[in-house]
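Below are the chains, spelled out letter by letter.
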Amino acid sequence: MSCPTTDPAGEVETVPPTMLHGLAPGMGSPRDEMLLQFLYAFLPKPPVSTSPSLRCAAVAADKTDRVSRLPDDLLRRVVSLLPAKDGARTTVLSSRWRGVWRSAPLVLVDTHLLPGGDGQCRPARAGAASRAVTDAVSAALESHPGPFPFASLTCSFMDVADRRLLARWFQILATKGVDELVFVNRPWTLRGLRLPSSLFSCASLCRLYIGAWMFPDTAALPRGVGFPNLHQLVLGCVAMEDKDLEFVLAVSPVLEILTVTGSVTPLRARLTNHSLRSAQFCLSILEEVAVVDAPSLERLFLWRNWIERHRVNQTSTTLKIGHAPKLRVLGYLEPGVHMLQIGNTIIKAGTKASTNTTVSSVQMLAVQLQFGVHSEVKMLPSFLRCFPSVDTLVVESQVLGEPTSNLSLKIWQETSPIECVQSHLKILSFHEVQGNREEFDFLVFIAENAQNLERMFIVMKNDLTYPERQVVVAGLGALCSANWANRDCKVQLKGSCYPIGGGSWSLEAGSDLSVDDPFEAFPED
């Protein structure tokens, strides 16, 4: 189905259905495309729909107006469940309905204001359609007294000429009240337009999703501003400085979930917040994540971040773990990408475990590495020693062109005991297995040393050819003949259901604190 992207009298443009952002093809590099796909895929679904499934029973002979007999409280509830455009239409029925609409909370979703009300077809380019939606949003914000339990504004192409309009929008939202705000700008790449500082006046915010913006200059903000009710913050494709993130954490006393995806400026993230329970950083230019003081932090996720290439003195992202006594879930650690620091000690190959180099609270650990790269395999035992209480280990094998070493077996044969492997490990979930000998060297090491291992899941990469799958099956046969430390361990082999180069973790699972297995360590469940 084609999606109108300008006003009905103008051009009609369509975009491939897989392009969730709806921008015209060719507006960015493949990397930009990936960042935007992640951003738009993670946007929350509105609580109202333009295509609800309704059932009604009507008696043709009975023309009694029963709806008008309902109390105002119930009518307000009905109107609040309608898209903004449909709710506004009820005002033509009578003066009573005008009062009902004005007193009902308004869910404002700008995609519902597009021609046809299609919630997924955003304007591909700046033009009459996007400007019409922007004008309609302004009219709704001005005319309705609020509050706005949910506002999703993702269709506008705003530039520096819209600064006054932006400031007005946030002034209204701050005054009338907004609980959940999704605010994504359409121009790509970023064009120097900062979010207005009045964003920090929206004290009622509980959830905030910001996409494709430059962050406000927090150094110029007055004292006392902040987000006293903010529980979840998502920053997608945002340009910000280190001090900006530190400021947000400092003025958000009940923040529980932080997600940073596609950061377009280098970031050194210092986590100091007493309420934060989950932090995620993915696809970002990330120099450092330092867990300084996060006594409530339960889970920390790092996924496919990178360092700017021109920084010749730094080749890896530093992960520092300080005060995080409740940290239970950690991943993905990458021996080839991350420099791990526990307290004041930088972990190196051969670092011995001690009270100063271990985080005993972590129970679920996920790692990614290229098993054919000697330096990465050599670092893995040292990483594992830092987390002596791990009972669930998720390993994701990354694609490698040519191995750099054939010493994998020797590394594992010479490895001294690892406490988590010998005493605590119950579940090993090995994802994206390609059939390399180095992968099975590691699996044999686990099998022969994990005395409490109950289940081992081996998930094959989904694009393996038939001969390659046979190699995996042969490796599994050799694994089963190893000298298992626990002969009652159950082994399960299955094919991956994830796209090529994908993985089991997702932003949604990482943000959902009710999900105990965000890495899908138990793939058969």
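Since the model is a prediction, treat every value here as computed from it, not as a measurement. (Residues numbered from 1 in each chain as written. Predicted model: local features only at pLDDT ≥ 70, side-chain atom pairs only at ≥ 80, totals over all residues. Heavy atoms only, no water.)

Here's the deal with the pairing of strand 13 (residues 338-342)
- Counted residue by residue, strand 13 has four buried out of five residues, so it is predominantly covered.
- As paired elements, strand 11 (residues 317-323) and strand 13 share five bridges and run parallel to each other. The partner of K320 across the bridge, within strand 13, is Q341.
- Sheet topology places strand 13 next to strand 14 (residues 345-346); two bridges connect them, and they run antiparallel. Following the sheet pairing, I342 is matched in strand 14 by T345.
- Linking two consecutive strands that pair antiparallel, namely strand 13 and strand 14, is a turn of two residues; a positive phi of about 60° is found at G343 within it. (Buried < 20%, exposed > 50% of the residue type's maximum accessible area, 1.4 Å probe, protein only. Helix = DSSP H or I, 4+ residues; strand = E, 2+ residues; numbered from the N terminus. Pairing = 2+ DSSP bridges.)

Thoughts on the confidence of the model for the chain
- Taken over all residues, the pLDDT of the chain has a mean of 85, while the share at 70 or more is 85%.
- Here residues 1-18 is a poorly scored stretch, pLDDT under 50, and it has 31 contacts once near neighbours within four places are set aside; other chains count.
- This stretch, residues 309-314, has a pLDDT under 50; its non-local contacts, to residues over four places away or in other chains, come to five contacts. (pLDDT = per-residue confidence, 0-100. Contact = heavy atoms within 4.5 Å.)

Topic: the sheet that holds strand 7 (residues 267-272)
- Strand order in the open sheet made by the five strands is 7-9-11-13-14, with mixed pairing throughout. In this open sheet, the two strands that pair with only one neighbour each are strand 7 and strand 14.

Notes on the environment of T345
- Relative to the helices and strands, T345 resides in strand 14.
- Given the relative accessible area of 27%, T345 is considered partly exposed.
- For the pair T345 and I321, spaced 24 residues apart in sequence, the C-alpha to C-alpha distance is 9.9 Å.

Re the pattern of salt bridges
- Summed over all chains, the structure comprises 13 salt bridges.
- One salt bridge connects E256 with R277, and the closest N-O pair in it is separated by 3.7 Å. Taken as a pair, E256 in the loop between helix 7 (242-250) and strand 6 (257-261) and R277 in the loop between strand 7 and strand 8 (278-282) lie far apart in primary sequence, 21 residues in all.
- Overall, the relative accessible area of 25% leaves E256 in the partly exposed class.
- Among the ionic pairs, R437 bridges to E438, the shortest N-O distance being 3.9 Å.
- For R437, a relative accessible area of 42% puts it in the partly exposed group. (Salt bridge = Lys/Arg side-chain N within 4 Å of Asp/Glu carboxyl O.)

A short note on the state of the cysteines
- This model, assessed by the stated rule, comprises zero disulfides.
- Between C489, a free cysteine, and C480, which holds the nearest cysteine sulfur, the sulfur-to-sulfur gap is 9.5 Å.
- Overall, C489 belongs to the buried group, its relative accessible area being 12%. (Disulfide = S-S within 2.5 Å.)

Remarks on the nonpolar core
- Grouped together as the largest cluster of nonpolar side chains are 118 residues, with contacts concentrated most on F281, F387 and M456.
- Once residues within four sequence positions are removed from consideration, M456 is found in contact with L428, L443, I446, A447, L479, W484, C489, K490, V491 and Q492.
- Counting 32 residues, the second-largest nonpolar core is a separate cluster that includes L39, Y40, V182 and L283. (Core = buried A, V, L, I, M, F, W, Y, C linked by side-chain atoms within 4.5 Å.)

Description of unusual backbone geometry
- In this chain, G146 is followed by P147 through a cis amide linkage whose omega measures 0°.
- With an omega of -10°, the peptide bond between G331 and Y332 qualifies as cis.
- Checked against the element boundaries, Y332 lands in strand 12 (residues 329-333).
- Of note in this structure, C237 is not a glycine but carries a positive phi near 55°.
- Position of C237 relative to the elements: it lies in the loop between strand 5 (232-236) and helix 7.
- Unusually for a residue other than glycine, L283 sits at a positive phi of about 50°.
- Positionally, L283 belongs in the loop between strand 8 and strand 9 (286-293).

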